[in-house]
Amino acid sequence: MSRMEKLPNLVDVYQPAKKLGTRQLPLVVDSNLTLVMDIKNSNIISDSQTLSNKELNEYMTKLGVLSPEQLKASLQISKTALLEVLNQSVPCVGCRRSVEGLYYQLLSFGHPTLDPIVVRGDGTITLRPEKHSYNVLANIFHDHAQRLKTLIDTQPKRNKKSVRCLLHSLDWQRIRPVTPVWRDIWNCMKSDCRKDICIIESACLYATLENYLRQHRFCGECRIKVVKAYTLLVEEADPSKEKGYVPALYSGIKRCLQDKHIHLNPKTEYITKLINRAEPELLGSRRERHAKTLEIAQEEVLTCLGICMYERLNRLYMRVREEERTCQLFAAVAVHTLHRSFETVVEKARGVSQLELLYEEFAREEQAKQKHKEAKKSRRKRRKGKALCEKARCEFAPDCLCPAPGKPDGVCECCSDDSDSREDALLDQSRCSSDLWADDCDSKELCKCDTVPDNPKDPDCDYSANNNCCESASLDSSLSSSPEDSGLACSDICCQPADFGSQCRLTCGAGLSLQEMLEGPSEDDEDCYITAEEVREFKSKSRQIYEKRRELRETLQKRFAQFCHNGPLIVPRLLVQTKYASN
């Protein structure tokens, strides 16, 4: 921990008969000492923040939908709910056990350690009724999840692979921080706490002394001298009678022979001097030591006292940090769980949770997108199937197996199941004329025009072999050529300028055709659709075009038969002049 971080204060020695104050808890140092730790400055719960009006109004609205009984029930959680969130949030098993231990301690003694959080006698965790106003709840619940996350992320860890924090690892128990660390905890204690922390039990001092003699391998004679110096300190009523004894070395030490403990001087200067004497040993010195005189033996006992004092202060430092962390975790997890319970009750009172509303909105958007994709896929499939099906154009296909001469529209019965198929058939029929459709007709390769039934060897209805309906040559030269080398005179409807795309649209009517409307790109189907009126108009024009083209084909067939039987016809000059004038 950084030296700049302030530790909680140790304000008193714990007495079971004395009631603790707000945000205070008993801190067990060892079996003989328990102090009172104050955590008011440890940022356990923030209930006095400055929040915006929006946040305050939000909680005011939420409290407005709850009755007093519902509000009271929403701010109560069980131990099971607390431990569930604790196990999900806190990875360190030591921290989880410490929080559970603190829960049982608050349950048994009812200390106001985490005020306004209270653990009641029935085991439920709640907030004091005085804190049920909207502004206090807004402060307590503000950024509760981020506070818990930050607390866990900043927790000191032993290493990257271990989930245990440093405070609950064996390394922390063995570690000995640099010597100035003990000053941090010493400065946090009141005078009464310092007096009690300076009481050293004789058994504790003797255990430290035995370990010290063993580590430095004192010889038998030196060992006897050191044990004698220890006895003079804790057992002899008048040690000054002993030869070689120096009373000044034990000055500042008060002995309690009946209780078998000693009281060190609680002044900071004396404790600093005592710990500095033990500093080489604390830093790991293992040099061979001797105690040939009683004075040197007394100094070795003082070194052991310095070790005892430092270890006690170091143990107190670790306990303070561990308990502070436990209180912070308990409060953060409890606030997080209480907020979850509160929001659940508010959502039930409103009827539908905000999360469900958001989910429904996403579901509607996804359903609309899926429906849009399926509609596009269905139209694409239908267009592709109709483009490949020659039955829709059976009157003009010589290999149709199901002709329907009785149909007025010229559509076979197998392709007239629905109106869409009928419309597509009429559309394809209207496009099967001359090479005027060369650039715009999608079904040019699949669409075969009708031929003369009586003469299958005659050329088809393309009217010309080189995709040019009307060239600049005169009509007389075209009529005078042989049947094998030249085309026939085409009708007036195809003798137009060679803008095939525009002619296609002019033939089918003004604007886009129905097929172009279906195949054209669209960002939104709701903004691009074909009305029923447009469909009816297209049907009417398609039938008219079909009838006109059939008449033209019949006329062409008759003229071709006359040409083959009688030879070239004499075209009246008036007809030629009119044709040239139109071009």
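All of the points below concern the structure found in this document. (Residues numbered from 1 in each chain as written. Predicted model: local features only at pLDDT ≥ 70, side-chain atom pairs only at ≥ 80, totals over all residues. Heavy atoms only, no water.)

**Remarks on the packing of aromatic side chains**
Now for step 1: Per the counting criterion, the structure on display carries eight aromatic pairs.
Now for step 2: Ring centres 6.3 Å apart and planes at 35° place the aromatic pair Y59 and F141 in the tilted group. Placement of the pair is Y59 in helix 1 (residues 53-64) and F141 in helix 5 (residues 134-141), with a sequence separation of 82 residues. When sorted by exposure, Y59 lands in the same class as F141, which is buried.
Now for step 3: A ring pair is formed by Y59 and F342, whose centres lie 6.2 Å apart and whose planes are at 15°; its orientation type is stacked. Placement of the pair is Y59 in helix 1 and F342 in helix 14 (residues 294-350), with a sequence separation of 283 residues. Both residues of the pair, Y59 and F342, belong to the buried class. (Phe/Tyr/Trp six-rings, centres within 6.5 Å; stacked < 30°, edge-to-face > 60°. Helix = DSSP H or I, 4+ residues; strand = E, 2+ residues; numbered from the N terminus. Buried < 20%, exposed > 50% of the residue type's maximum accessible area, 1.4 Å probe, protein only.)

**Thoughts on the sheet that holds strand 5 (residues 117-119)**
Now for step 1: Taken together, three strands build an open sheet; the order of strands is 4-6-5 and the sheet is antiparallel. With one partner strand each, in any of the chains shown, strand 4 (76-77) and strand 5 form the two edges of the open sheet.
Now for step 2: Two strands pair when backbone bridges link them, and strand 4 and strand 6 (residues 125-127) are joined in this way by two bridges, in the antiparallel orientation. Looking across to strand 6, one finds that I77 is bridged to I125. (Pairing = 2+ DSSP bridges.)

**Some thoughts on helix 3 (residues 79-89)**
Note that an α-helix has 3.6 residues per turn; residues three or four places apart therefore point the same way.
Now for step 1: Inspection of helix 3 places L82, L83, V85 and L86 among the buried residues, and these make up the whole buried set. Summarising the axial view, the buried residues of helix 3 lie within an arc of 165°, below the 170-degree limit, and thus occupy one face. The exposed set on the far side of helix 3, more than 90 degrees from its buried face, consists of T80 and Q88. (Arc of directions from axis to C-beta.)

**Digging into the pairing of strand 8 (residues 253-256)**
Now for step 1: Both strand 8 and strand 9 (residues 261-264) contribute to a ladder of four bridges, which runs antiparallel. Paired with I253 across the bridge in strand 9 is L264.
Now for step 2: Here strand 8 folds back onto strand 9, and the loop between the two strands holds four residues, one of which, K260, carries a positive phi near 55°.

**Things to note about unusual backbone geometry**
Now for step 1: P116 follows D115 through a cis peptide bond whose omega is 10°.
Now for step 2: Position of P116 among the secondary structure elements: in the loop between helix 4 (93-109) and strand 5.
Now for step 3: Within the chain, R23 stands out as a residue other than glycine whose phi angle is a positive 60°.
Now for step 4: Within the fold, R23 resides in the loop between strand 1 (9-13) and strand 2 (24-30).
Now for step 5: On the accessibility criterion, R23 (11% relative accessible area) is buried.
Now for step 6: A positive phi angle, near 55°, is found at N43, a position not held by glycine.
Now for step 7: Counting through the fold element by element, N43 comes out in the loop between strand 3 (33-38) and helix 1.

**Quick look at the pairing of strand 3**
Now for step 1: Along strand 3, six of the six residues are buried, which leaves the element largely enclosed by surrounding structure.
Now for step 2: The alternating pattern of strand 3 places L33, L35 and M37 on one face and T34, V36 and D38 on the opposite face, and all of these are buried.
Now for step 3: Pairing geometry for strand 1 and strand 3, over four bridges, is antiparallel. Bridged to N9 within strand 3 is D38.

**Focus: the side chain of H111**
Now for step 1: Considering the arrangement of structural elements, one finds H111 in the loop between helix 4 and strand 5.
Now for step 2: Judged by its relative accessible area of 14%, H111 is buried.
Now for step 3: In this view, H111 contacts Y14, L20, Q24, P26, Q105 and L106; residues no more than four positions away in its chain are not counted. (Contact = heavy atoms within 4.5 Å.)

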